[in-house]
Amino acid sequence: QVQLVESGGGLVQPGGSLKLSCAASGLTSDTPNMGWFRQAPGKEREFVAMILWSASTAIVAGSVKGRFTISRDNAKNTVYLQMNSLKPEDTAVYYCAAGRKPDSSSLYTEASFYADWGQGTQVTVSS
């Protein structure tokens, strides 16, 4: 059974930084993709970043490129999202996602691509 637990969210001032963690368990070689999404009230769940467990591939969305970095520590089964230069528009619930739904034709930038999700952690950027 896959379990994903996010942590590290909180309140931060504009221009500040936060580092989110996603502790994963129950993953197999069939679930190499790890992603971060975010969702603000009234908005669609938005792709933020993706990384592979067993490869160097790491992708971030254009909206956060240059500010956010995704990384992983395979020994700890943990994926991180380092967020710098935070803006009020970054305020959202941030979700960790893993795996790929069987026979999914979706891209990794789409929420429907992933099989498992964490409960999310709130990030609020405000003065």
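Check the entry above for the structure.
Given the structure is predicted, the values throughout are model-derived calculations rather than measurements.

Draft legend 1. Focus on the packing of aromatic side chains. Scanning all chains against the criterion turns up seven aromatic pairs. Ring geometry for Tyr95 against Trp117: centres 6.5 Å apart, planes inclined by 80°, an arrangement best described as edge-to-face. Here Trp117 lies in strand β10 (residues 116-117) and Tyr95 lies in strand β9 (residues 92-98), a separation of 22 residues in the sequence. Geometry around Tyr80 places Lys19 over its ring, the cationic atom sitting 4.6 Å from the centre.

Draft legend 2. Up close: the environment of Glu89. Examined against the element boundaries, Glu89 turns out to sit in the loop between β8 (78-83) and β9. In this structure Glu89 comes out as exposed when scored by relative accessible area, which is 56%.

Draft legend 3. Quick peek at the state of the cysteines. Applying the stated criterion across every chain, the model contains one disulfide. Note on cysteine connectivity: Cys22 is disulfide-linked to Cys96, with sulfurs 2.0 Å apart. Measuring the twist about the S-S bond at about -80°, one finds the Cys22-Cys96 disulfide to be left-handed. Highlighted residues: Cys22 in strand β3 (residues 18-25) and Cys96 in strand β9, separated in sequence by 74 residues. Residue Cys22 shares its accessibility class with Cys96, and that shared class is buried.

Conventions and cut-offs
Residues numbered from 1 in each chain as written. Predicted model: local features only at pLDDT ≥ 70, side-chain atom pairs only at ≥ 80, totals over all residues. Heavy atoms only, no water. Phe/Tyr/Trp six-rings, centres within 6.5 Å; stacked < 30°, edge-to-face > 60°. Helix = DSSP H or I, 4+ residues; strand = E, 2+ residues; numbered from the N terminus. Lys NZ or Arg CZ within 6 Å of the ring centre and 35° of its normal. Buried < 20%, exposed > 50% of the residue type's maximum accessible area, 1.4 Å probe, protein only. Disulfide = S-S within 2.5 Å.

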